[in-house]
Amino acid sequence: MSDWDTLKTRVMNLLGDSAGVRYSGAMLEQAALQAIRLYSGTLPQLCFLEIEVPEPVDEVTLEEAAGLSAVISASWYIASGNTRPVPAAFTWSWSAGVPYLRFPQAQSGRLRLVYSAGHTLEGLLGAAATSVPPVHFDLLAWTAAGYAMQLRADVVREAYGAKCSEAVNISAAAEKMILHSRQQLDRDRKSTRLNSSHRIR
């Protein structure tokens, strides 16, 4: 059983629809993707990448940076045996779907990058691994359940009209669940920053 299968079971239990009568597989998958997007936007995955650059260049493609959402820092190991990288000035942008890193002057050596990336869940859209910490699985399931309820409310609204009481009630419950998730994620983000600050000191 994949992590996605495990999460889906938790979500269906939260929704009271373990048989999948009211919530289709496609609906649950879309809800899970929305939940992971929200989670990644608040608590992104911190990744490291080193690229060998044998000849001086002022531009490097970052196709190896899987799931990249933002470049946090770049530094060069310039001399052989140099154990401390030298921070580099840089800009980065996307071009034709490919991320590029640009430098004010050409450089060569071993490039070390720190970047943030979206999270993955094994089995969801073919992902081979899970980056979400197990401690947050319950929160992710809760968030996905909230988004699934939003999708369900849309279906009911289209079938029975905007003023349908069932759609109104489902939508209201979904908003409360997602708000709870946002608040919890924000608390976790602040706690993570505080702990990082203490470690730096």
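Per-chain numbering applies: the sequence of each chain, read as written, is numbered from 1 onward. Given that the model is predicted, a residue must reach a pLDDT of at least 70 before its local features are reported, and side-chain atom pairs must reach 80 or more before they are shown or counted; all residues, however, enter totals for whole chains, interfaces and linings. Only hydrogens and water are set aside when side-chain values are computed; all heavy atoms of the structure are taken into account.

## Brief notes about the pattern of salt bridges
Link 1 in the chain: One speaks of a salt bridge when a side-chain nitrogen belonging to Lys or Arg is within 4 Å of a carboxyl oxygen belonging to Asp or Glu. The final tally for this structure, using the stated rule, is seven salt bridges.
Link 2 in the chain: Residues Asp186 and Arg189 are paired through a salt bridge, measuring 2.2 Å at the closest nitrogen-oxygen approach. A residue pair is termed a helical-turn pair when its members lie 3 or 4 positions apart in one helix, as Asp186 and Arg189 do in helix α4 (residues 165–200) at three residues.
Link 3 in the chain: Here the term buried applies to any residue with accessible area under 20% of the maximum for its type, exposed to any over 50%, and partly exposed to those in between, with areas from a 1.4 Å probe on protein chains only. Take Asp186: its relative accessible area is 25%, and that puts it in the partly exposed class. Helix and strand labels come from DSSP, where a helix needs a run of H or I of at least four residues and a strand needs a run of E of at least two; each type is numbered from the N terminus.

## As for the packing of aromatic side chains
Link 1 in the chain: Two rings from Phe, Tyr or Trp (for Trp, the six-membered ring) form a pair when their centres sit within 6.5 Å of each other. Planes less than 30 degrees apart are called stacked, planes more than 60 degrees apart edge-to-face, and all others tilted. The full count for this structure, using the stated rule, is two aromatic pairs.
Link 2 in the chain: Taking the centre distance of 5.3 Å and the plane angle of 55 degrees together, the rings of Trp76 and Phe103 count as tilted. In this pair, Trp76 sits in strand β2 (residues 68–77) while Phe103 sits in strand β5 (residues 98–117), placing the two residues 27 residues apart along the sequence. By the burial criterion, Trp76 is buried, and Phe103 matches it.
Link 3 in the chain: Seen in terms of ring centroids, Trp92 and Trp94 are 6.2 Å apart; in terms of plane orientation they differ by 65 degrees. Their pairing is edge-to-face.
Link 4 in the chain: On the basis of relative accessibility, which here comes to 26%, the residue Trp92 falls in the partly exposed class.
Link 5 in the chain: Cation placement over rings: the criterion is NZ of Lys or CZ of Arg within 6 Å of the ring centroid and within 35° of the ring normal. Against the face of Tyr77 rests Arg110, its NZ or CZ located 4.1 Å from the ring centre.

## Some details on the nonpolar core
Link 1 in the chain: What is meant by a nonpolar core is a set of buried Ala, Val, Leu, Ile, Met, Phe, Trp, Tyr and Cys residues, joined one to another through side-chain atoms within 4.5 Å. Core analysis: the largest hydrophobic core is formed by 37 residues, its most contacted members being Val11, Leu15 and Leu28.
Link 2 in the chain: The greatest single-element share of this core, amounting to 12 residues, is contributed by helix α3 (residues 137–160).
Link 3 in the chain: Should any heavy atoms of two residues lie within 4.5 Å, those residues are considered in contact. Apart from residues lying up to four places away in sequence, Val11 is in contact with Leu28, Ala141, Ala144 and Ala145.
Link 4 in the chain: Formed by 18 residues, the second largest nonpolar core is a distinct cluster that contains Val53, Ala65, Leu68 and Leu113.

## Looking at the packing of helix α1 (residues 3–14) against α3
Link 1 in the chain: Fitting a line to C-alpha atoms yields each axis, with helices limited to the stretch in contact; the angle taken between N-to-C directions then spans 0 to 180 degrees. It is the contact of α1 with α3, at a shortest axis distance of 9 Å, that shows an interaxial angle of 60 degrees. For the element pair α1 / α3, the angle class is oblique. For the pair α1 and α3, the sense of crossing is right-handed. Counting all contacts with α1, which are made through Asp3, Leu7, Arg10, Val11 and Leu14, the residues of α3 involved are Phe137, Asp138, Leu140, Ala141, Trp142, Ala144 and Ala145.
Link 2 in the chain: Classes in brief: Ala, Val, Leu, Ile, Met, Phe, Trp, Tyr, Cys and Pro nonpolar; Asp, Glu, Lys and Arg charged; the others, Gly included, polar. Looking at side-chain class alone, the contact of α1 with α3 contains nine nonpolar, no polar and three charged residues. Note that the term roughly parallel is reserved for angles under 35 degrees, roughly antiparallel for angles over 145, roughly perpendicular for angles of 65 to 115, and oblique for everything else. Note on convention: near helix rotated counterclockwise from far helix by under a right angle means a left-handed crossing. Clockwise means right-handed.

In short, the description is geometric, and any link to function would need to be established separately.
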